[in-house]
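Okay, here's what each chain looks like letter by letter:
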Amino acid sequence: MSSELFHVSLVGAVLVAVPLLYAALGELISERVGVMNIGIEGIMSVGAAAAFIAAIKTGSPALAMLTGTVVGGLFTLVFFAVPVILLRTSQILVGFAVWFIGLGASSQFGESYATQAIKTKIATLKIPLLADIPFVGEILFEQPWPFYVGVLVAVAVALLLTRTAHGLDLRGIGDDPAAAYASGVPVLRWQVLYVSLGGALMGLGGAVISVVITHHWQSGLIAGRGWIALALVIFVGWRPLGLLWATYLFGILLTLDTVGQAEDWAIPAAILAMPPYLATVAILIIRSRRGYRLAPAALGTSFLRGGR
Amino acid sequence: VSGNAPPASGRSGFRFVLHDPSATSSLLGRVVAVILGIVLGALFLALQPGVGGGLFTAAWESTVGSLLGISQLTQFATPLILAGCAVAVASRVGLWNIGVDGQLILGAWAATAVGFYAPDGIPGALLISLMMLAALVGGALWIVVPAVAFAYLRVNEVVTTLMLNFVAYLWLAYWITGPWSDPSYASLGLSSKPVPDQAFLPHFTIGSLDIGLAFLIALGVAGLLWAIFRFTHYGFRSAMVGADERVAAYGGIDVRRLRLQALLASGAIGGLVGVVVELDRVHRFSSSLSDNTGYLGIVVAALAAHSFAGAIVMGFLVAILSATGGALSISGVSSSVVLLLIGVLLLVGALADVPARYRLRRGAEEAPAG
């Protein structure tokens, strides 16, 4: 591979990693308060479709991104957080339901826009001085703004969880909700809030795909990225900053088929598109030996005030 | 379970107390939920632009309202019943096989390979048997890694089985665009060349009623699984593991081995779905084989509460939704609505367990033990 193409693909991989970063951060927050949300794929689809429609209607990428975030959060609140946390239904079954509803609703409402494309491309933000650093400058400091926001959100989540009293409460909810409740933490309120905020981040992740990366909408656009995000959370041991490099790694894997086609590699594109999915299985297996010890202790259980 | 969580219902002396839902109240909840889901879905569809009252005529005609509709319905229900059974075999021991879509593709792939490379004059019955055997093996092999990873390392089977679906879609794309591509058929969607004629599964016609052997196979598989889980030692051990893993282990059951077997069996049945659909109507290795069948299988199994007889009923129900969606797609409503409706159905089904957890009691404060 020519060194120039290598560099270009490393730059492109950052952008491809951004939706994974948002979605995985959303899932991480949700899981740290003890709720496993497997509907990521559906929530991302809804966010992607809503943001795309907003981009076509308003012409503003920023407004589109905001729409994707808000719609993703509300969708999660209504269809996932309330049934799972307040009504204590199965997190797995409702997660599946959210996945199907999200896929179906986004195709249904996005369909009439499938032939259109977004004309306003999102601006690249060049950080002065830093962008002039050879090689890494263009990779890290000359990207569209959602990338920088994503890094900031990751740092903010890390600080919130590990450096604040509120974060301690949140981790307490994820590890032992009954004990947290006994010490005066409003368990259900924070669970509903942070699971919905997590959904908002997933919606934003979807919005980045349709508005920043592809500039058009089609059903099946998310192509398993929601599920990859779910696995990445386990891979990094529920630590937000770990997602920065883990999602970038998957960004590189997700751009392999484009690179292969550009370079006329002898390997068919279909085969080159397999590594992200295979790698997801591989990292789960690699992580399994000590990974699950890092999981929030009460992950996946529902909390009943005064219950057992 | 103490009863201070649910709201007291007032002065009359009646109140709701929490208890573990009985099988009857769960099932009743599911049935009510499904009916409610269909009513909601029908309302939603009727409100779509350009549908209106014609919806119900179209839905009726294309499903239970005509012999042609019923014939079509059995064809739609066939893969759904089988996929529901595949998912239920794993969910009976507390695991989710989300990878039926992938297993059916690999099953069909293995079967197609047998069809292409078998000697020319091979009798139909033998060829079909060999292809089905290949599909069972192909489906089981496709789940080996998730199954072993779960059994020995407790790797989350939901993610691993699902990820392999995407690999399978790409595998399919590779074969139908590469080595097995059939350019002459390209106008009707990418696919391989057809498998030999003698491997087509026969259909039995009585007047305008048309029942495929594939449908009978699906019923047979569901019946066989029902009998295995009802009457054999294996079924009993599965039920114990499904009810409480620790108690089962304490009772001397090799939980790891049982779950490994369940996942492999689930994958094998997943492979069977592929070959049955291929030999029943597609006759080629093609992207139209999957059609979300694996995902719909989850819904079928979940709504049927993991019962195999229930899978037949729910398979038909989801088939009615699919057939309706198909009839409507002609009148301009996209078939993605079907996925949406099925999601709502699943959500309502899960919600139905909520009222089933409460029981109306008369009397004062002390709550009876659950």
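Structure first, text after, so check above.
Given the structure is predicted, the values throughout are model-derived calculations rather than measurements.

Participant: Tell me about the overall build of chain A, and name the residues and values.
Facilitator: The helix and strand tally for chain A stands at 14 helices and two strands. Taking all 308 residues of chain A together, the buried fraction comes to 57%. Long-range contacts, defined here as pairs at least 24 residues apart, represent 76% of the contacts in chain A between residues at least 6 apart. Working note: accessible area of chain A is about 12,200 Å², and carbon and sulfur atoms make up 66% of it. Separation between the mean location of the 17 positive side-chain charges and that of the 14 negative ones in chain A comes to 13 Å.

Participant: Residues and numbers for the overall build of chain B, please.
Facilitator: Counting its regular elements, chain B contains 15 helices and six strands. Each of the 370 residues in chain B was classed as buried or not, and the buried ones make up 53%. Relative to all contacts within chain B whose residues are 6 or more apart in sequence, the contacts with residues 24 or more apart total 76%. Total accessible area on chain B stands at roughly 15,900 Å², and carbon and sulfur atoms take up 67% of it.

Participant: Got a sec to walk through the interface of chain B and chain A? Specific residues and values, please.
Facilitator: Across the boundary between the two partners, chain B contributes 45 residues, which contact 43 residues of chain A. Taking both sides of the interface into account, the surface hidden between chain B and chain A amounts to around 3,900 Å²; carbon and sulfur atoms contribute 81%. Linking chain B to chain A there are zero residue pairs in polar contact (both at pLDDT 80 or more). Counting only elements with at least two residues in the side of chain B that touches chain A, the list comes to helix 6 (144–153), helix 7 (157–177), helix 12 (293–303) and helix 14 (336–351) of chain B. With 12 residues, helix 7 of chain B is the largest single contributor of residues to the side of chain B that touches chain A. The residue inventory of the side of chain B that touches chain A, partitioned by class, reads 34 nonpolar, eight polar and three charged.

Participant: Go over unusual backbone geometry, please, and point to the residues and values.
Facilitator: Phi is positive for A:Arg88, close to 55°, though the residue is something other than glycine. Inspection of the secondary structure puts A:Arg88 in the loop between helix 3 (61–86) and helix 4 (91–110). The residue B:His306 is not glycine, and still its phi comes out positive at about 65°. By secondary structure assignment, the location of B:His306 is in the loop between helix 12 and helix 13 (308–330).

Participant: Describe the pattern of salt bridges, naming the residues involved and giving the relevant values.
Facilitator: All names here are of chain B. One pass over the structure, following the stated rule, counts three salt bridges over all chains. A salt bridge links Asp182 to Arg284; the nearest nitrogen and oxygen atoms lie 2.9 Å apart. Taken together, the residues span a long stretch of sequence, with Asp182 in the loop between helix 7 and strand 2 (191–194) and Arg284 in strand 5 (residues 284–286) at a distance of 102 residues. Of the two residues, Asp182 and Arg284, neither departs from the other in class, the shared state being buried.

Participant: Just give me the short version of the packing of aromatic side chains, but keep the residues and values in it.
Facilitator: The full count for this structure, using the stated rule, is 26 aromatic pairs over all chains. Here the aromatic rings of B:Trp109 and B:Trp171 are separated by 5.3 Å at their centres, their planes lie at 65°, and the arrangement is edge-to-face. With a gap of 62 residues between them, B:Trp109 in helix 4 (residues 100–117) and B:Trp171 in helix 7 connect regions that are remote in the sequence. Chaining the aromatic ring pairs together yields one cluster made of B:Trp109, B:Phe116, B:Trp171, B:Tyr174, B:Trp175, B:Trp180 and B:Phe285. The lysine or arginine in question, A:Arg189, covers the ring of A:Trp190, its NZ or CZ lying 5.7 Å from the ring centre.

Participant: Run through a nonpolar patch on the surface, naming residues and quoting values.
Facilitator: Residues and elements named next belong to chain B. A cluster of nonpolar side chains, Leu126, Leu130, Leu133, Leu136, Val137, Leu141, Val144, Val145, Val148, Tyr152 and Leu153, forms an exposed patch at the surface whose accessible area comes to about 910 Å². For the nonpolar patch, the leading source of residues is helix 5 (residues 124–142), giving six residues. You can see Val145 is positioned in helix 6.

Participant: Now, about empty space enclosed by the protein: what can you tell me, with residues and values included?
Facilitator: Residue and element names in this part refer to chain A. Enumeration according to the criterion identifies two cavities of 30 Å³ or more in this entry. Approximately 30 Å³ is the volume found for the second largest cavity. Lining of the second largest cavity is provided by Val35, Val84, Ile85, Gln91, Gln191, Thr301, Ser302 and Phe303. Residues belonging to the lining of the second largest cavity are distributed by class as follows: four nonpolar, four polar and no charged.

Participant: Give me the side chain of B:Thr160: which residues, what numbers.
Facilitator: One can find B:Thr160 in helix 7. Apart from residues lying up to four places away in sequence, B:Thr160 is in contact with A:Val281, A:Leu284, B:Pro146 and B:Val155.

Participant: Give me the lowdown on helix 4 of chain A, citing residues and values where you can.
Facilitator: Residues and elements named next belong to chain A. With 20 residues, helix 4 extends 27 Å from end C-alpha to end C-alpha; this agrees with the ideal 28 Å at 1.5 Å per step. Here helix 4 lies mainly inside the structure; 17 of its 20 residues are buried. Measuring from the side-chain oxygen of the N-cap residue of helix 4 to the backbone nitrogen of Ile92 gives 3.3 Å; that N-cap residue is Ser90.

Participant: How would you summarise the nonpolar core if you had to cite specific residues and measurements?
Facilitator: Looking at soluble globular proteins, one finds that nonpolar side chains tend to be buried together. A:Phe96, A:Trp227, A:Leu232, B:Trp96, B:Ile98, B:Val275 and B:Phe285 are the most contacted members of the largest nonpolar core, which has 211 residues in total. Excluding anything up to four places from it in sequence, B:Val275 contacts B:Ala108, B:Ala111, B:Met131, B:Met132 and B:Ala135.

Participant: Tell me about helix 14 of chain B, and name the residues and values.
Facilitator: An ideal rise of 1.5 Å per residue puts 22 Å on 16 residues; helix 14 of chain B measures up with 23 Å between its terminal C-alpha atoms. Burial analysis of helix 14 of chain B places 14 of its 16 residues in the buried class, the great majority of the element.

Participant: I'd like a description of the pairing of strand 4 (residues 209–212) of chain B, backed by residues and values.
Facilitator: Residues and elements named next belong to chain B. Taken together, the four bridges between strand 3 (residues 203–206) and strand 4 define a ladder with antiparallel strand orientation. In the sheet register, His203 faces strand 4, and the bridge partner there is Gly212. Here strand 3 folds back onto strand 4, and the loop between the two strands holds two residues, one of which, Gly207, carries a positive phi near 60°.

Participant: Can you lay out the environment of B:Thr63 for me, pointing to particular residues and giving the numbers?
Facilitator: Residue and element names in this part refer to chain B. Topologically, Thr63 is positioned in the loop between helix 2 (54–62) and helix 3 (67–91). On the basis of relative accessible area, Thr63 is assigned to the buried category, the value being 3%. Note: C-alpha distance between Thr63 and Phe316 (253 residues apart in sequence) is 9.9 Å. Among all residues touching Thr63, those that are not within four sequence positions of it are Gly69, Ile70, Leu73, Ile320, Ala323 and Thr324.

Participant: Lay out the environment of A:Val11 with the relevant residues and their values.
Facilitator: All names here are of chain A. Take Val11: it is sitting in helix 1 (residues 3–32). In this structure the C-alpha to C-alpha distance between Val11 and Ser288, which are 277 residues apart in sequence, comes to 31 Å. Excluding residues that lie within four positions of it along the chain, Val11 makes contacts with Glu138, Ile139 and Gln143.

Participant: Kindly report on the packing of helix 3 of chain B against helix 11 (residues 255–282) of chain B, identifying the contributing residues and their values.
Facilitator: All names here are of chain B. The geometry of helix 3 relative to helix 11 is characterised by a closest axis approach of 7 Å and an angle of 170° between their N-to-C directions. When the axes of helix 3 and helix 11 are compared, the pair comes out roughly antiparallel. Two secondary-structure elements touch here, helix 3 through Gln75, Thr78, Pro79, Leu82, Ala83, Ala86, Val87, Val89 and Ala90 and helix 11 through Ala262, Leu263, Ala265, Ser266, Ile269, Gly270, Leu272, Val273, Val276, Val277, Asp280 and Arg281. The residue inventory of the contact of helix 3 with helix 11, partitioned by class, reads 15 nonpolar, four polar and two charged.

Participant: Talk me through the environment of A:Val82; I want residue IDs and the actual numbers.
Facilitator: All names here are of chain A. Position of Val82 among the secondary structure elements: in helix 3. Sequence separation between Val82 and Ile127 is 45 residues, and the spatial gap between their C-alpha atoms is 42 Å. Ignoring any residue separated from it by four or fewer positions in sequence, one finds Val82 in contact with Leu77 and Leu87.

Each value, and the rule that gives it
Residues numbered from 1 in each chain as written. Chains lettered and ligands numbered in written order. Predicted model: local features only at pLDDT ≥ 70, side-chain atom pairs only at ≥ 80, totals over all residues. Heavy atoms only, no water. Helix = DSSP H or I, 4+ residues; strand = E, 2+ residues; numbered from the N terminus. Buried < 20%, exposed > 50% of the residue type's maximum accessible area, 1.4 Å probe, protein only. Contact = heavy atoms within 4.5 Å. Areas by Shrake-Rupley, 256 points an atom, 1.4 Å probe, with all protein chains shown as cover. Lys, Arg positive; Asp, Glu negative; His and termini not counted. Charge placed at Lys NZ, Arg CZ, Asp CG, Glu CD. Buried area = accessible area lost by both parts, 1.4 Å probe. Polar contact = N/O pair within 3.5 Å; in protein donor to acceptor, adjacent residues only side chain to side chain. Nonpolar A, V, L, I, M, F, W, Y, C, P; charged D, E, K, R; others polar. Salt bridge = Lys/Arg side-chain N within 4 Å of Asp/Glu carboxyl O. Phe/Tyr/Trp six-rings, centres within 6.5 Å; stacked < 30°, edge-to-face > 60°. Lys NZ or Arg CZ within 6 Å of the ring centre and 35° of its normal. Patch = residues over 30% accessible without salt bridge, like charges linked within 9 Å, V, L, I, M, F, W, Y side chains within 5 Å. 1 Å grid on protein atoms, 1.4 Å probe; cavity = no way out; pocket = protein on both sides within 12 Å on 5 of 7 lines; lining within 4 Å. Points joined across faces, edges and corners; volume = space filled by probe spheres on them. Expected span 1.5 Å × (residues − 1). Core = buried A, V, L, I, M, F, W, Y, C linked by side-chain atoms within 4.5 Å. Pairing = 2+ DSSP bridges. Axes fitted to C-alpha atoms, helices over the stretch in contact; angles between N-to-C directions. Parallel < 35°, antiparallel > 145°, perpendicular 65-115°, else oblique.

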